[in-house]
Amino acid sequence: MSLAMAPVAHDPLTREERRGRMVHIRPTASAVQTFLQRVEAITIDDLKRIPYKRYICAREMLAAFGDDFGDRLRAVLDDYETGCLALHFGELSNQQDCVLIATAVSHLLSKPIPEPSGGYFGITTVVHDDAPSLKILDPYRYFSLHTDGVFADNPVDWLMMMKLEEQNAIGGESRLLHMADFDAFERLCRLDGSNTIFSFGLDEKDRRYEIFSKVSSMERGRSRILDTVGGQRRIKFVDQFILPETIAEATFIEKVHAALEDCEAIVVEPLPVGSMLILNNSVWVHGRAPFKRNPGLQRSLLRQYGYFPHRHPYMR
Ligand SMILES: [Fe+2]
């Protein structure tokens, strides 16, 4: 079956199109303006301090884009064949508009997870830097493929990345891979004949421990790296946070890492300012291509992570 350029649906408020495994949705400029007018009295400070306002944003997005908009987004994320949304909102004039839109979308999807900054969203700005403190801030190297979510109380079902701004940014595209297209999946599963359950977490002495402990119990997550559930492939892989206990386990992690990076089915996806990607975190891995060296480089992404409460009753 060809996955290329199959139109999915059309309606007056949003245009929807499937490309490969990605579903692109473009609300019309007038629908976006309607939404922004309906929430113009809500500030970023309101969103940070007054939780109910976040759901008011979601309600106003339904009013502007159609009552079924949230259901459509969740249906794509739940669909194993796709599990990836690219939402395009066009040119947005300021960061506040981006935060309002991102907040509405996340609260239509489900419940966002607090992230290390303490808020329900974070902004990562990458600039020219040869010695950044974190891997995610290193502009000139590949950010390797991984899933998000580490600890037991950090069950990331979906993640969102929205481009807020960029200057002098050539490269830096998202690198994405769906597990159904991961040619080494079955071979790697056979390599790990004992179906190892790995620990995901941080040693207490790690300098990042204190940062994460503000939003997590730090109880280690325990999971297979590769798994098949109901005929659907799953992955949990973030090389910085897997805690192997033997050489054999470390060798397996090394082989998974190499096979992911070598996979020819990796999709390289540029993201315009004002657009966002939302991924099903169980079936997609994501990373970033290097930027072209430029002393004026600056690129900001808004990120959010979320979970579906009915899948994690212990989180209530
Ligand atoms: Fe990530």
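Details of the structure are given in the entry above.
Keep in mind that what you see is a predicted model, and the values were worked out from it rather than measured.

J.: Help me understand the sheet that holds strand S11 (residues 221-223), please; the structure alone is not making it clear to me.
T.: Strand pairing in a sheet relies on backbone hydrogen bonds. The paired strands run either parallel or antiparallel. Sheet architecture is open: three strands sit in the order S11-S10-S14, paired in antiparallel fashion. Both edges of this open sheet fall to S11 and strand S14 (242-243), since each of them pairs with a single strand only. One ladder, built from three bridges, connects strand S10 (residues 198-200) with S11; its direction is antiparallel. Bridge pairing in S11 places serine 199 opposite arginine 222.

J.: Where do I start with the sheet that holds strand S9 (residues 174-178) in this structure?
T.: The strand order across the open sheet built from four strands is S7-S17-S9-S15, with neighbouring strands paired in antiparallel fashion. Single-partner strands in this sheet number two, and they are strand S7 (143-146) and strand S15 (267-269). Within this sheet the neighbouring strands show an average axis-to-axis angle of 20°, counted without direction. Relative to strand S17 (residues 284-288), S7 runs antiparallel, the two being bridged by two bridges. The residue of S17 that forms the bridge with phenylalanine 143 is arginine 288. Along the sheet, helix H8 (residues 247-262) makes contact with S7, S9 and S17, crossing S7 at roughly 105°.

What counts as what
Residues numbered from 1 in each chain as written. Predicted model: local features only at pLDDT ≥ 70, side-chain atom pairs only at ≥ 80, totals over all residues. Pairing = 2+ DSSP bridges. Helix = DSSP H or I, 4+ residues; strand = E, 2+ residues; numbered from the N terminus. Axes fitted to C-alpha atoms, helices over the stretch in contact; angles between N-to-C directions. Contact = placed C-beta atoms within 7 Å.

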